[in-house]
Amino acid sequence: HYQFDLPGSSQKMSMRAISGGSFMMGDAEKHPVSVSDFWIGTYEVTHDQFSVFFKDETFSQGSKVDAVTRPTAQYIDLSWNMGKEGGYPVNSMSVDAALMFCRWLYKKTGVFYRLPTEAEWEYACRAGSSTRYPFGDDMQAIGDYAWTAANSQEKYQRTGSLKPNAWGLYDMLGNVAEWTLDQYEESYFSVIGPGAKDPLIPPKSRYPRSIRGGSYMDDPADIRPGLRRFSEPAWNQRDPQVPKSRWWLTDGMFVGFRILRPKHQPSKEEAEKFYTLYLGR
């Protein structure tokens, strides 16, 4: 477990060390998968933290000097009055905006951060459990760990307000759903193959991409570690811009993200190649 200061601010981010290993991944269909060691965010990234990046004037939209961009300004308040300052999860951003935050962190700190893969996310969520939920098989206990449609009052809540899982991670289920690196494939296991090690389905298109964990809008019965969901263009159907924003989602108010730091850090060349692959610059 460690904390680091977000450059140029009083904001801190907390990371938990996760020892790699094998686990049974999936929901109705389960298969053995293994992942390597990593650190993952103790909490979902908050509005307070994301705004440090968003307001950093040293990185401007379309900058050629720094090779890092910031998302364009939001055209409306995409928090929908659910809360910003004080530890509320950032929401309504595209997977590109989430990855750009990771890239900004890398440029500022020299440490490579990214989104978790589906496998890493599920491994961290399950926290060594083999039960239906990280806390056992009884769905009735989910309200102690997750903000769902049953207890959220139809809005996201401050990160870390409920109990963490056995590995000290908060809001892995519920609150806001979380982006992963993977392109969504319905037949995930047929793509990654049996006994996969550090599986990842690289992006081929903007849609569909995989999100995990469910959100404050979901019924408790629809929030489980192995349950998968995919992004779709309808999440941005009310965007008034032409073309529609690459960064913000008018109807994706339920999706956010948390960051991951692999223990094995890529070289500078590998890191740049990664960000170029995912962000196209």
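To keep things clear, this report deals only with the structure shown in the data block. No experiment lies behind these values; they were computed from the predicted model shown.

Regarding the packing of helix α1 (residues 47-54) against helix α2 (residues 95-109)
With their axes 10 Å apart at the nearest point, α1 and α2 run at an angle of 70° to one another. Judged on the interaxial angle alone, α2 and α1 are roughly perpendicular. Crossing hand, α1 versus α2: left-handed. Residues Q49, F50, V52 and F53 of α1 touch α2, and the partners they reach there are A97, M100, F101 and W104. The residue inventory of the contact of α1 with α2, partitioned by class, reads seven nonpolar, one polar and no charged.

Focus on the sheet that holds strand β2 (residues 12-18)
Strand order in the open sheet formed by four strands is β1-β2-β5-β10, with antiparallel pairing between adjacent strands. Edge strands, defined here as strands with exactly one partner in the open sheet, are β1 (2-5) and β10 (260-262). With direction set aside, neighbouring strand axes in the sheet form an average angle of 25°.

Section: the pattern of salt bridges
Close approach of charged atoms lets side chains of opposite charge pair. Enumeration over the complete set of coordinates arrives at 17 salt bridges. In this structure, K12 and D5 form a salt bridge, with 2.5 Å as the shortest nitrogen-oxygen distance. A residue is classified by how much of its surface remains accessible, and K12, at 44% relative accessible area, is partly exposed. A salt bridge links E122 to R126; its shortest N-O distance comes to 2.8 Å. On the criterion of helical spacing, the pair formed by E122 and R126 is a turn pair, its members being four residues apart in helix α3 (residues 118-126). We classify R126 as buried; its relative accessible area is 5%. Taken together, the shared-partner salt bridges in this structure form one network comprising E118, E122, R126, R212 and R228.

Regarding the sheet that holds strand β6 (residues 177-183)
The mixed open sheet is built from four strands, whose spatial order is β8-β7-β6-β9. The open sheet is flanked by β8 (228-230) and β9 (255-256), the only strands paired with a single partner. Contacts from α2 reach β6 and β7 (209-212), with the element oriented near 90° to β6.

Brief notes about the packing of aromatic side chains
If you walk through the whole model with that rule in mind, you get 30 aromatic pairs. On the numbers, 6.2 Å between centres and 35° between planes, the contact of Y2 with F4 is tilted. Using a relative accessible area of 13% as the deciding quantity, one classes F4 as buried. Each ring, one from F50 and one from F53, has its centre 5.4 Å from the other, and the planes form 85°; the classification is edge-to-face. Residue F50 and its partner F53 are located together in helix α1, separated by three residues, close to a single helical turn. The exposure class of F50 is buried, given its relative accessible area of 3%. A connected cluster of aromatic rings, assembled from ring pairs, spans F50, F53, F54, F101, W104, W248 and F257. Over the ring of W39 we find R261; its NZ or CZ atom is 4.5 Å from the centre of that ring.

A word on the nonpolar core
Judged by nonpolar contacts, the single largest core of 49 residues is most densely connected at F101, W179, F257 and I259. Of all elements in the fold, only β1, β2, α1, α2, β6 and α5 (268-279) reach the threshold of two or more residues within this core. Ranked by residues supplied to this core, first place goes to α2 with 10 residues. Contact partners of F257, with chain neighbours within four places excluded, come to E44, V45, F50, V90, M93, A98, F101, L115, A177, E178 and W179.

What to know about the side chain of S245
Of note, S245 is situated in the loop between β8 and β9. In this structure the side chain of S245 is engaged in a polar contact, spanning 3.1 Å, whose partner is the backbone nitrogen of W248.

Parameters at a glance
- Residues numbered from 1 in each chain as written.
- Predicted model: local features only at pLDDT ≥ 70, side-chain atom pairs only at ≥ 80, totals over all residues.
- Heavy atoms only, no water.
- Axes fitted to C-alpha atoms, helices over the stretch in contact; angles between N-to-C directions.
- Helix = DSSP H or I, 4+ residues; strand = E, 2+ residues; numbered from the N terminus.
- Parallel < 35°, antiparallel > 145°, perpendicular 65-115°, else oblique.
- Left-handed = near helix turned anticlockwise from the far one by under 90°.
- Contact = heavy atoms within 4.5 Å.
- Nonpolar A, V, L, I, M, F, W, Y, C, P; charged D, E, K, R; others polar.
- Pairing = 2+ DSSP bridges.
- Salt bridge = Lys/Arg side-chain N within 4 Å of Asp/Glu carboxyl O.
- Buried < 20%, exposed > 50% of the residue type's maximum accessible area, 1.4 Å probe, protein only.
- Phe/Tyr/Trp six-rings, centres within 6.5 Å; stacked < 30°, edge-to-face > 60°.
- Lys NZ or Arg CZ within 6 Å of the ring centre and 35° of its normal.
- Core = buried A, V, L, I, M, F, W, Y, C linked by side-chain atoms within 4.5 Å.
- Polar contact = N/O pair within 3.5 Å; in protein donor to acceptor, adjacent residues only side chain to side chain.

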